[in-house]
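Architecture at a glance
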Amino acid sequence: MKTALSLPPFGQLADPRLLVDIAIAAEQASFDGVFLWDHVYRPEADPSEILDPWVVFGAQALATDRIRLGPMVTPITRRRPIKLAREAVTLDHLSNGRLTLGLGLGVDSGGELTKFGEIVDPKERGDRLDEGVALLIEFWSGGPVTHHGAAYHADQVTVLPRPVQLPRIPLWFAARGGSAKRPLRRAARFDGLVPIELEDHDHLSRMLDVIATERGSVDGFDTMVSTQLDAAESERRGATWSYQSFDTHASPADVFDVITRGPWI
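None of the values given here were measured: they were computed from a predicted structure. (Residues numbered from 1 in each chain as written. Predicted model: local features only at pLDDT ≥ 70, side-chain atom pairs only at ≥ 80, totals over all residues. Heavy atoms only, no water.)

This paragraph deals with the packing of aromatic side chains. Summed over all chains, the structure comprises eight aromatic pairs. Here the aromatic rings of Y41 and F116 are separated by 6.0 Å at their centres, their planes lie at 75°, and the arrangement is edge-to-face. One end of the pair, Y41, is in the loop between β2 (33-36) and α2 (53-63); the other, F116, is in the loop between β5 (101-104) and α4 (122-140), and 75 residues separate them in sequence. The interplanar angle of 70° and the centroid separation of 5.6 Å between the aromatic rings of W172 and W241 together place this pair among those described as edge-to-face. (Phe/Tyr/Trp six-rings, centres within 6.5 Å; stacked < 30°, edge-to-face > 60°. Helix = DSSP H or I, 4+ residues; strand = E, 2+ residues; numbered from the N terminus.)

Have a look at this one:
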């Protein structure tokens, strides 16, 4: 099982040089990944300082050699697929193939969507996510792309270079708890799952049962579970990554304390 840190680049952690130092220290301590939250606005109770994770990833990529990097997660609903495709390919090359791209519907916490006139309806956001992912994959193929969908358009465009990772950059998808199966079925078509608001290990098992039904098995499929659930039991249930997440008010000392203690697996 692999281990990772999941960091909000907010408040006391909203220092790009600090986040580079954290990535270096995590790699030296034998962690396998450092992932950042991707937000542009937060509720009033959270710190006002917010960094763009994609710029930080570039600096982290140049300062490290082994750990995987990426957003957990980026909502396509407030992104242009061509811009995201270019950013992802650039980071994939800069990191020599260490990008994992986490994707999801996004949330409206603090008005992150409504304050900027973004789409709020979850079904429409889900439709845009599906269409946007399909378009990303077309762009990364390196061939000419023509796409006229409900939300996005491309007219005979070719996006080069292709990603370092082939056939494409790994795609993990967030899925909240509850009975909705669409997010799980979406994740099953790709490479990984990031369960949100897991209740317990039985809840994890039920989610992975849906994945296994859709795929035929969970072989070669990544699932990343918070350390709020016991990592050993999570692995027994089918998880492949365990991550330590931090509060939006976390301090550098909080993060380095976890790094100093090292991976818990």
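The rest of the description comes next.
A separate point is unusual backbone geometry. In this structure, P161 follows L160 across a cis peptide bond, with omega equal to 5°. Across the junction of L166 and P167, the peptide omega takes the value 10°, indicating a cis bond. Take P167: it is sitting in the loop between β7 (153-158) and β8 (171-176). A positive phi angle is found at N96, which is not glycine, with a value near 55°. Its place among the elements puts N96 in the loop between α3 (81-94) and β5. A residue is classified by how much of its surface remains accessible, and N96, at 61% relative accessible area, is exposed. (Buried < 20%, exposed > 50% of the residue type's maximum accessible area, 1.4 Å probe, protein only.)

Across the interface, helix α1 (residues 16-28) lies against α2 with an axial gap of 9 Å and an inter-helix angle of 40°. When the axes of α1 and α2 are compared, the pair comes out oblique. Helix-helix and strand crossings are classified by hand; for α1 and α2 the assignment is right-handed. Across the interface between the two elements, P16, L19, V20, A23 and I24 of α1 pack against V56, A59, Q60 and A63 of α2. When grouped by side-chain class, the residues that make up the contact of α1 with α2 number eight nonpolar, one polar and no charged. (Axes fitted to C-alpha atoms, helices over the stretch in contact; angles between N-to-C directions. Parallel < 35°, antiparallel > 145°, perpendicular 65-115°, else oblique. Left-handed = near helix turned anticlockwise from the far one by under 90°. Contact = heavy atoms within 4.5 Å. Nonpolar A, V, L, I, M, F, W, Y, C, P; charged D, E, K, R; others polar.)

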